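Structure at a glance
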Amino acid sequence: LDRSSAASDVYKRQRRRDAMRADRRREARRKLADARTHAKAGDATAFYAAVVRALTDAIEARLGAAVGALTHPELRAELMRRGMDEDLARRIVDELEGADFARFSATGTSADELLRALERADALLERIERFTPKASAPSTSQAAPAEPEPSVEEEAPPPPSAPRADHRRPPRRR
C-alpha cells in the first residue's frame, strides 16, 4: 500500500513537471507569434524582447531548469554540458547576443532584418524542441573534491613598492 502510494506520488510529480514543460514550450511559441506581430508593426525593441523570451522559454522547457540568470558563455557551456552540439549552442547564444544588442542599440532595424531574425528564431525553436538533454549533474556536494590550493611557500611575495610622493609625512613642528 505504501509502495503504490509512493509510486503514485512520483507519477503525479512527473506528470506535473511534464505539463509545466509543455506549458513553457507553448509559451515560447506564443512569444514567437508576439514577435511576428511586433515585426509587422515595426517595433524592434518589443520584437527582440519577445525573441529572447521565446528562446529562453524553449531552453528552460527542454532543460527543466531556469537559465535566465546565466551569462551567454555560461549558457553555451551549460547547453553543451547537457548534450547539445556545439553548433546549435553557438547559434542560440549568437542569436540571443544579437537580439540583446539590437534591442538596446540606438540604431533603427529594417523590416527585412526583423523577418530574417524571426526565421532564425523559428528554426532555432524547432531544433531546441527536438533536442533531448542529458540529465543534470549531481549537486556540488557530491562532486569530486576540488584541486588543492597552492601552499603559501609557492606564492611569490608582492614586489616592494616605494612610497608615493603625495603620501609623505608633513614636517614636524618645533
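Residues numbered from 1 in each chain as written. Predicted model: local features only at pLDDT ≥ 70, side-chain atom pairs only at ≥ 80, totals over all residues. Heavy atoms only, no water.

Before going further, it helps to examine the overall build of the protein. Of regular secondary structure, the protein possesses five helices and zero strands. If you list the helices and strands of the protein from N to C, you get α-α-α-α-α. When each of the 174 residues of the protein is scored for burial, the buried share is 25%. For the protein, restricting intrachain contacts to residue pairs at least 6 apart in sequence, the fraction spanning at least 24 positions comes to 70%. Of the roughly 12,900 Å² that the protein leaves accessible, carbon and sulfur atoms contribute 52%. (Helix = DSSP H or I, 4+ residues; strand = E, 2+ residues; numbered from the N terminus. Buried < 20%, exposed > 50% of the residue type's maximum accessible area, 1.4 Å probe, protein only. Contact = heavy atoms within 4.5 Å. Areas by Shrake-Rupley, 256 points an atom, 1.4 Å probe, with all protein chains shown as cover.)

Within the secondary structure, leucine 118 sits in helix H5 (residues 111-130). The exposure class assigned to leucine 118 is buried, which follows from its relative accessible area of 6%. Residues leucine 118 and arginine 36, 82 residues apart in the sequence, show an inter-C-alpha distance of 7.0 Å. The residues touching leucine 118, leaving out its near neighbours within four places in the chain, are Leu32, Ala35, Arg36 and Phe47.

Counting residues in each nonpolar core, the largest one holds 34 residues, and the members touching the most others are Phe47, Tyr48, Ile59, Leu79 and Ile92. Of all the secondary structure elements, the ones that give two or more residues to this core are helix H1 (2-41), helix H2 (44-63), helix H3 (72-81), helix H4 (86-104) and H5. Residues contacting isoleucine 92, with those up to four places away along its chain left out, are Ile59, Leu79, Met84, Leu124 and Ile128. (Core = buried A, V, L, I, M, F, W, Y, C linked by side-chain atoms within 4.5 Å.)

Overall, the coordinates contain 18 salt bridges when judged by the stated rule. Two residues, glutamate 27 and arginine 30, come together in a salt bridge whose shortest N-O distance is 2.6 Å. Here arginine 30 and glutamate 27 lie together in helix H1, a separation of three residues that amounts to about one turn. You can call glutamate 27 partly exposed: its relative accessible area is 25%. Look at the salt bridges and you will find they share partners, linking Arg76, Asp85, Asp87, Arg90, Arg91, Asp94 and Arg127 into a network. (Salt bridge = Lys/Arg side-chain N within 4 Å of Asp/Glu carboxyl O.)

Let's shift gears to H5. An α-helix turns once every 3.6 residues. As a result, residues three or four positions apart point the same way. In this model H5 runs 29 Å from its N-terminal to its C-terminal C-alpha over 20 residues, within 8% of the 28 Å that 1.5 Å per residue would give. For H5, the complete set of buried residues consists of Leu114, Ala117, Leu118, Ala121, Leu124, Leu125 and Ile128. Seen from one end, H5 has its buried residues packed into an arc of 130 degrees, which puts them on one side. Counted as exposed and oriented over 90 degrees from the buried face of H5: Asp112, Glu119 and Arg130. (Expected span 1.5 Å × (residues − 1). Arc of directions from axis to C-beta.)

The terminal C-alpha atoms of H4 lie 27 Å apart, and with 19 residues this matches the ideal 27 Å at 1.5 Å per residue to within 8%. Among the residues of H4, those classed as buried are Leu88, Ala89, Ile92, Val93, Glu95, Leu96, Ala99 and Ala102. Structurally, H4 contributes buried residues whose contacts are with H2, H3 and H5.

Right, let's talk about the confidence of the model for the protein for a bit. Residues shown with low pLDDT carry predicted positions that ought not to be read at fine detail. A residue-level look at the protein finds 72% of positions with pLDDT of 70 or above and a mean pLDDT of 80. Per-element mean pLDDT across the protein ranges from 78 in H1 up to 96 in H3. When the criterion is pLDDT under 50, residues 139-155 qualifies, and its contacts beyond four places in sequence or with other chains add up to one contact. pLDDT under 50 marks residues 162-166. Its contacts with residues more than four places away, or in other chains, come to zero contacts. (pLDDT = per-residue confidence, 0-100.)

The N-to-C vectors of H2 and H4 enclose an angle of 155 degrees; their axes lie 8 Å apart at closest approach. By the criterion of interaxial angle, the relationship of H2 to H4 is roughly antiparallel. Along this stretch, H2 crosses H4, giving a crossing that reads as left-handed. Residues Thr45, Tyr48, Ala49, Val52, Leu55, Thr56 and Ile59 of H2 form the contact with H4, whose participating residues are Ile92, Glu95, Leu96, Ala99, Asp100, Ala102 and Arg103. Classifying every residue of the contact of H2 with H4 by side-chain character gives nine nonpolar, two polar and three charged. (Axes fitted to C-alpha atoms, helices over the stretch in contact; angles between N-to-C directions. Parallel < 35°, antiparallel > 145°, perpendicular 65-115°, else oblique. Left-handed = near helix turned anticlockwise from the far one by under 90°. Nonpolar A, V, L, I, M, F, W, Y, C, P; charged D, E, K, R; others polar.)

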